[in-house]
Amino acid sequence: MIDALVLAGSPNDGPLKSCSGAKYEALIPIGKRAMVEYVVDALTQTPSIDRVLVVGPDELQPLLNPTGIEVISAKNTVMENVLAGFELLADSKKVLVVSSDIPLLTSESIDKFIDLCKKSQADLYFPVVTKETVEKKFPQMERTYVKLKEGTFTGGNVFLVNPQIMPQCYEMGQRFIDLRKSPLKLCGLLGVSFVAKYVTGRLTIKELEKKVSSLLGVTGSAVICPFPEVGVDVDKPSDLSLVMKAMGIDGC
């Protein structure tokens, strides 16, 4: 069994503010439920998931505590939130880290990702989804894509992590997070040769794995996932509209 950590501390001070007055993104309503509830439900319905811990605002306590989900107060940054969660899950060999803004996540997609991770030995597993896979199921969804030699991919918002690696990759991990929406800047962090290979479409998945592993001081593995739900996050009003449409709900 694997424990799960849900990151739900992002304030609603960006584009989604025009759709909802909720103080935090995790609390933005989708139908009659808060966005984070869909993510938590997917996790609790997954056979391979044991404990589910949520890092977020205190406003989540009355919403999730009655269902048996533990909530701890959010810190200032994503990596601080991850560290706070890992401290309470210190006995876990692997923790599934999930963002609260992927309400289309399903237990099937979670189980499949975990199964795919078992094919290799690594400290950090991160999903990549082909553009064709995303557009086949969600043709109007706008995503940030990276063109690699094997194809065009987007990243997911679900990660399988060995908690023991946190101290050595804390600082660099935050830098990766800060640049995650800018592939070219991210490649710049990885090195000049990576920029050249990226812009010419010659960069391979294995090269990316090797460089990321070197920078973080851990073993990383990119997992090609056939479920776009792991990467369909809600960052802006158009994302929210598409997600609600996919759920058959009228909204923003």
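Since the model is a prediction, treat every value here as computed from it, not as a measurement.

The rules we used
- Residues numbered from 1 in each chain as written.
- Predicted model: local features only at pLDDT ≥ 70, side-chain atom pairs only at ≥ 80, totals over all residues.
- Heavy atoms only, no water.
- Disulfide = S-S within 2.5 Å.
- Buried < 20%, exposed > 50% of the residue type's maximum accessible area, 1.4 Å probe, protein only.
- Helix = DSSP H or I, 4+ residues; strand = E, 2+ residues; numbered from the N terminus.
- Pairing = 2+ DSSP bridges.

Caption draft 1: Representation of the state of the cysteines. Here the structure, examined in full by the defined rule, presents zero disulfides. The closest cysteine sulfur to the non-disulfide-bonded C117 is located on C225, 8.7 Å from its own sulfur. By relative accessible area, C117 is classed as buried at 2%. Free cysteine: C169, not disulfide-bonded; nearest cysteine sulfur from C117 at 16 Å. Under the relative-accessibility criterion, C169 is labelled buried at 7%.

Caption draft 2: Quick peek at the pairing of strand β4 (residues 49-56). Extensive coverage of β4 is indicated by the burial of six of its eight residues. With five bridges connecting them, strand β1 (residues 2-7) and β4 associate as parallel partners. Across the sheet, I2 pairs through a bridge with I49, a residue of β4. Pairing between β4 and strand β5 (residues 70-73): four bridges, direction parallel. Each bridged residue has a counterpart across the sheet, and for L53 the counterpart in β5 is E70.

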